[in-house]
Amino acid sequence: PDYAKSLLHFTDKKPISTHEQEEFFAVHGANCFGYDKVSFKERVAWVYDHSNEICKSAENPLDYRWWTQADEPWSFLAWAFEWADFVTQGIGFMSSIPICLDGSNNGLQHFSAMLRDPVGGKATNLTPEDVPQDIYQMVANVVLTFVNEDAKLGVNYAKEWLDFGIDRKITKRPVMVVPYGGTRYSCREYVEDAMQEKILGGHKNPFGEETYEASMYLSAHVWEAISEVVVAARQAMDWLRNIGRTMSDKNLPLTWETPSKFVVNQAYKSMRGKRVHTRIDNVLIKPSVLEESLDIDKRRSTNGVSPNFVHSMDASALTLTINECIMQGINDYAVVHDSYGVHAHHVPALARAIRKSFVSMYADKDLLGELHDNLKDELPDLDDPPPLGVLDIHEVTESKYFFSCPF
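What you are looking at is a predicted structure, and each value in this text was computed from that prediction instead of being measured. (Residues numbered from 1 in each chain as written. Predicted model: local features only at pLDDT ≥ 70, side-chain atom pairs only at ≥ 80, totals over all residues. Heavy atoms only, no water.)

What follows covers the sheet that holds strand β11 (residues 339–342). One open sheet holds the 4 strands; their spatial order is β10-β11-β3-β12, and the pairing between them is antiparallel. Sheet topology places β10 (334–336) and β12 (403–404) at the edges, where each strand pairs with a single neighbour. Here 2 bridges tie strand β3 (residues 99–103) to β12, and the two strands are oriented antiparallel to one another. The residue of β12 that forms the bridge with G103 is F403. (Pairing = 2+ DSSP bridges. Helix = DSSP H or I, 4+ residues; strand = E, 2+ residues; numbered from the N terminus.)

Below, the structure written as structure tokens:
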């Protein structure tokens, strides 16, 4: 949670030595406040425009409570303390806050890269753009089109949803989890969670007691909209699921090698129950325990292969990036999944390392094609993977928002 994250600092401090490091440091503060849907230049300008309020918050946070308006108030306050000192000391200020660079829907970034998908690539910031692309808002816009059509036809809950509002907060979690095994059912749960969060925050509830039914209605459109926006990724996920299903039919595990040379072996074994007869305090009890069989679990193998494959690409990218950073003398990290944190001093080097590692994973390579070739002996009738598109992976090196301060 925000209040816990705000307490995490690196033990060793590093100087903010350049204007570029200063800008990343400023962008972090704007992001914590919630001013994060605009360009880096605008975020830096926002910080300097509000520097007086930021410094007053740091000086007397209990009485001057402007900082509590932030999206992440405690993280913002932790940064504000450092910003106030930086304003006083200038270049050379010693900072200890982790400044994070986050992937822009990292799972879909990997699928878009391995498929050379120009549509998904642009939506997930693999290409250079003036402002960050927002795939969650793209999906929300498609959903809004569907709901507007339903409202004209008088479909139940359509008008209420238009009154309630359909934004990126409604679609974010369903889109985020698609590469990691999200389902139509989890989509409904995430839609309802977002509804309840807005309602608890004081938003007017036009659905009354029928939030479940309303979430059922909208989640169908969200699921359809995701398929329209991330077409190529869906094709890859379906192809991988077919591999998992076919290999489990043959009672075989599935193995692949990642770009970091780590070998993944997916072997979900079926579980069977076994009754144990024993006595405790002279009382006979018969608990059941589960033990693995020799058979592959078809359901888990089918559902697991796509998220496991893309997770292995996440892990490979992290491994290659950290290896590159260590070679440049960076030794302090704050990492959660696709969020890489270092001192502000090292953020420019980290940004370059992330891009270099990602390009090395996919340039001149066809990972799905390699998987297909490796499985030909076991699955001679396996369909070809989805065809590669025309995205130039090298454009990632020029994309400011590929891995950027989170938004």
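Another aspect to go through is the side chain of E324. When you line up the elements, E324 lands in helix α14 (residues 298–327). Non-local contacts of E324, meaning those with residues more than four positions away in its chain, are made with A353, K356 and S357. (Contact = heavy atoms within 4.5 Å.)

Here the focus is the packing of aromatic side chains. On inspection of all chains with the given rule, the structure shows 26 aromatic pairs. Within the aromatic cluster, the residues linked to one another by ring pairs are F25, F33, Y35, W46, Y48, W66, F76, W79, W83, F86 and F93. The ring centre of F164 lies 4.8 Å from the NZ or CZ of K198, which sits over that ring. A cation sits over an aromatic face here: R234 above W223, 4.2 Å from the ring centre. (Phe/Tyr/Trp six-rings, centres within 6.5 Å; stacked < 30°, edge-to-face > 60°. Lys NZ or Arg CZ within 6 Å of the ring centre and 35° of its normal.)

Position of D338 among the secondary structure elements: in the loop between β10 and β11. Of the side chains with opposite charge, K172 comes closest to the buried, unpaired D338, at an N-O distance of 9.9 Å. With near-sequence residues (within four places) excluded, D338 lies in contact with L101, D102, G103, N106 and F403. (Buried < 20%, exposed > 50% of the residue type's maximum accessible area, 1.4 Å probe, protein only. Lys, Arg positive; Asp, Glu negative; His and termini not counted. Salt bridge = Lys/Arg side-chain N within 4 Å of Asp/Glu carboxyl O.)

Quick look at the nonpolar core now. Core analysis: the biggest nonpolar cluster contains 112 residues, and F76, W161, L218 and I243 have the highest contact counts within it. Per-element tally for this core: the top contributor is helix α15 (residues 347–362), with 10 residues. (Core = buried A, V, L, I, M, F, W, Y, C linked by side-chain atoms within 4.5 Å.)

Next up on the list: the pattern of salt bridges. Pairing between side chains of opposite charge can happen when their charged atoms approach one another. Considering all chains together, one arrives at 12 salt bridges under this definition. Note that R168 is salt-bridged to D134, the shortest N-O span being 2.5 Å. One end of the pair, R168, is in helix α10 (residues 168–177); the other, D134, is in the loop between α7 (118–123) and α8 (135–153), with 34 residues separating them in the sequence. Two residues, E149 and K152, come together in a salt bridge whose shortest N-O distance is 3.7 Å. Separated by 3 residues within a single helix, E149 and K152 lie in helix α8, roughly one turn from each other. Judged by relative accessible area, E149 falls into the partly exposed class, the value being 42%.

Turning to the packing of α8 against helix α12 (residues 211–229), a few remarks are in order. It is at 9 Å that the axes of α8 and α12 come closest, and there the two elements cross at 125°. Relative to α12, α8 is oriented oblique. Taken as a pair, α8 and α12 cross one another with a handedness that is right-handed. Contact residues: I135, M138, V139, V142, V143, F146, V147 and D150 in α8; Y217, L218, H221, V222, E224, A225, I226, E228 and V229 in α12. Residues that form the contact of α8 with α12 fall into these classes: 13 nonpolar, 1 polar and 3 charged. (Axes fitted to C-alpha atoms, helices over the stretch in contact; angles between N-to-C directions. Parallel < 35°, antiparallel > 145°, perpendicular 65-115°, else oblique. Left-handed = near helix turned anticlockwise from the far one by under 90°. Nonpolar A, V, L, I, M, F, W, Y, C, P; charged D, E, K, R; others polar.)

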